[in-house]
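Survey of secondary and tertiary structure
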Amino acid sequence: MAAVAGESPRLRPRCGCHLPSGPGRRRGIGKKTPTGGRGIPPAGGGARDPRGKRGGWGRWGGRGTRGGHRSAGFPWPGRGRWARRPAAGAGAAELEQAEGGWADHDAVLGDWLDALAEAAWWLGRLDECIAARERAHACYDRAGATLPAGRCAVSLFHHWCFKGKQAIASGWLGRARRALQAQPESPEYGYLLLYEAEVAHGSGDLTGATDLVEQALELGRRLRVPDLESQALQALGRLLIDHGRPAEGLARLDEAMLFAIEGRLSPFVTGRVYCSLVSACHELGDIRRANEWIEAVASWAETHPFTVFPGLCRLPRADLMQWRGDWQAAEAEARRACSELDDMY
């Protein structure tokens, strides 16, 4: 290799594989991957290792690489040995060993993709959120991780409903039911019940929807999961309002919002319950109650300025400001809602 002008050839290694090892340097870190990059596995897992053998991703580049990749958060399947896809006619033991390694890889990749989907949601990038979460579901499904796969399917039902694609959303709800029906004592199953209740409510089956919501509420209280309990309370409140019992319904919504004020809810559930309450007050003309909760939750909304739920919640808030005669604030709120929701549809 020709040396760069002014540089000593002796000090210029050809690649990371030739850097000296010693104290303070872990062997294998910085070795080139088959894709030419560093630390990123090739698609398909069928790359050729430095010894000329074809195999999957276990320890790329020799003995020291395992520590390097794992320190960067890459627990590749088959760690501790060269992982290979089993050849045709492989024995049962080899098949089981290989499948276990690749299942671990899929589960870890699913976690990364699910986290990416969550970040995209809070940035208002719904299409990116859906794409990442669908890939996460596929990874969990391959790994046989039914609980996180069901959780992703439940979330995808919500995302596609948000885009107004009811047929696609219905398909994801069916997948969630199949994945979670064997996990009736999990929070994920409770969220499934709530979304099934939402479908029943939308079709006019108030009795069936109420039964499903009460099951979810009981499960949330039994498992002591505030997110599930508060969402069930807000769903029950909306059902009671549609049953012609607005006082009882608003009382359930007030109870659900207490979890948010106490800081016991995730941002997603806080926004969902808050929006439901403000919308109910708007529909019923209960301006006093709406103003109380808007002021109580204002600090939360302001710390999430680029998220979906504040954008949606600003619409009824703008109406409430208009009713109070604060036209300038109402216009500013409506414009901010348009800006935040611009990438969602």
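For the structure itself, consult the block above.
This section reports on the structure supplied with the text. Positions within a chain are numbered from 1, following the residues in the order the chain's sequence is written. Only residues with pLDDT of at least 70 get local features here, since the model is predicted, and only at 80 or more are side-chain atom pairs given and counted; chain-wide, interface and lining totals rely on the full set of residues. The side-chain figures draw on all heavy atoms in the structure; neither hydrogens nor water molecules are used.

1. Some points on the overall build of the protein
Here is the rule we go by: Only DSSP runs of H or I reaching four residues or more are called helices, and only runs of E reaching two or more are called strands; each is numbered from the N terminus. In this scheme, a residue with accessible area under 20% of its type's maximum is buried, one over 50% is exposed, and one in between is partly exposed, where area comes from a 1.4 Å probe on protein chains only. The contact criterion used is simple: two residues touch if any of their non-hydrogen atoms lie within 4.5 Å.
Within the protein, the regular secondary structure consists of 13 helices and 0 strands. In the protein, the order of α-helices and β-strands from amino to carboxyl end is α-α-α-α-α-α-α-α-α-α-α-α-α. Residues classed as buried in the protein amount to 46% of the 345 residues present. Within the protein, counting contacts between residues at least 6 apart in sequence, those at least 24 apart form 54% of the total.

2. What about the packing of helix H5 (residues 166–180) against helix H6 (residues 187–202)?
For the record, the criterion: Whenever a helix is involved, its axis is fitted only over the stretch in contact; in every case the axis is a line through C-alpha atoms, and angles between N-to-C directions fall within 0 to 180 degrees. Left-handed describes a crossing whose near helix is turned anticlockwise from the far helix by less than a right angle; the clockwise case is right-handed. The residue classification treats Ala, Val, Leu, Ile, Met, Phe, Trp, Tyr, Cys and Pro as nonpolar and Asp, Glu, Lys and Arg as charged. All others, Gly included, are polar.
At a minimum axis distance of 10 Å, the contact between H5 and H6 shows a crossing angle of 145°. Of the two possible hands of crossing, H5 and H6 adopt the one that is left-handed. Packed against H5, whose contacting residues are Leu 173, Ala 176, Arg 177 and Leu 180, the element H6 presents Glu 188, Tyr 189, Leu 192, Leu 193, Tyr 195, Glu 196 and Val 199 at the interface. By residue class, the composition of the contact of H5 with H6 is 8 nonpolar, no polar and 3 charged.

3. Focus: the packing of helix H7 (residues 206–223) against helix H8 (residues 226–242)
Our working definition: Just so you know how the angles are binned, under 35 degrees is roughly parallel, over 145 roughly antiparallel, 65 to 115 roughly perpendicular, and the rest oblique.
For the pair H7 and H8, the least separation of the axes is 8 Å and the interaxial angle reads 155°. As judged from the angle between their axes, H7 and H8 are roughly antiparallel. Crossing of H7 against H8: the hand is left-handed. In this structure, H7 contributes Leu 206, Ala 209, Thr 210, Val 213, Ala 216, Leu 217, Leu 219, Gly 220 and Arg 221 to the contact, and H8 contributes Leu 228, Glu 229, Ala 232, Leu 233, Ala 235, Leu 236, Leu 239 and Asp 242.

4. Some remarks on the packing of aromatic side chains
Under the convention used in this document: For Phe, Tyr and Trp, rings pair up if their centres lie within 6.5 Å, where Trp contributes its six-membered ring, and each pair is then called stacked (planes under 30 degrees apart), edge-to-face (over 60) or tilted (otherwise).
With the rule as written, the count across this model stands at 3 aromatic pairs. Note on Trp 121 and Phe 162: the rings are 5.6 Å apart at their centroids and 80° apart in plane angle, and the pair reads as edge-to-face. Here Trp 121, found in helix H2 (residues 92–122), pairs with Phe 162, found in helix H4 (residues 146–162); they are 41 residues apart in sequence, far enough to count as distant. The pair formed by Trp 121 and Phe 162 is uniform in burial state, with each residue classed as buried.

5. Brief notes about unusual backbone geometry
Phi is positive for Arg 224, close to 55°, though the residue is something other than glycine. Within the element layout of this structure, Arg 224 appears in the loop between H7 and H8. The exposure class of Arg 224 is exposed, given its relative accessible area of 73%.

6. A closer look at H4
For the record, the criterion: In a helix, the anticipated span is given by 1.5 Å times the number of residues less one.
With 17 residues, H4 should cover 24 Å at 1.5 Å per step; its first-to-last C-alpha distance of 24 Å lies within 8% of that length. At the C-terminal side of H4, Gly 164 shows a positive phi close to 80°.

7. Regarding H7
The end-to-end C-alpha distance of H7, which contains 18 residues, comes to 26 Å, matching closely the 26 Å that a straight helix rising 1.5 Å per residue would cover. On its buried face, H7 is in contact with H6 and H8. Following H7 by one or two positions, Arg 224 has its phi on the positive side, about 55°.

8. What about the pattern of salt bridges?
Rules: When a carboxyl oxygen of Asp or Glu is within 4 Å of a side-chain nitrogen of Lys or Arg, the pair counts as a salt bridge.
Tallying each qualifying case throughout the model produces 19 salt bridges. The partner of Glu 118 in a salt bridge is Arg 133, and the shortest N-O contact between them spans 3.1 Å. Highlighted residues: Glu 118 in helix H2 and Arg 133 in helix H3 (residues 126–143), separated in sequence by 15 residues. Because the salt bridges share partners, they merge into one network encompassing Asp 114, Glu 118, Arg 133, Arg 151 and Glu 188.

9. With respect to the side chain of Arg 238
Convention followed: Between N or O atoms, a polar contact is any pair within 3.5 Å; within protein, one atom must be a potential hydrogen donor and the other a potential acceptor, and residues adjacent in sequence are included only when both atoms are from side chains.
Within the fold, Arg 238 resides in helix H8. Given the relative accessible area of 18%, Arg 238 is considered buried. At 3.1 Å, the side chain of Arg 238 forms a polar contact with the side chain of Glu 283. Contact partners of Arg 238, with chain neighbours within four places excluded, come to His 201, Leu 253, Ser 276, Ser 279, Ala 280 and Glu 283.

10. Let's talk about the environment of Arg 221
Tracing the backbone through its elements, the reader meets Arg 221 in helix H7. Note on Arg 221: relative accessible area 41%, which makes it partly exposed. Reaching out from Arg 221, the side chain makes a polar contact with the side chain of Glu 229 at a distance of 3.1 Å.

11. Digging into the nonpolar core
Rule in force here: To define a nonpolar core, start from buried Ala, Val, Leu, Ile, Met, Phe, Trp, Tyr and Cys residues and group those joined through side-chain atoms within 4.5 Å.
The biggest cluster of nonpolar side chains holds 63 residues, and the ones touching the most others in it are Leu 194, Val 213 and Met 257. Among residues more than four places away in sequence, those in contact with Leu 194 are Val 213, Ala 216, Leu 228, Gln 231, Ala 232 and Ala 235. Listed in part, the 7 residues of the second largest apolar core include Cys 139, Tyr 140, Ala 149 and Cys 152.

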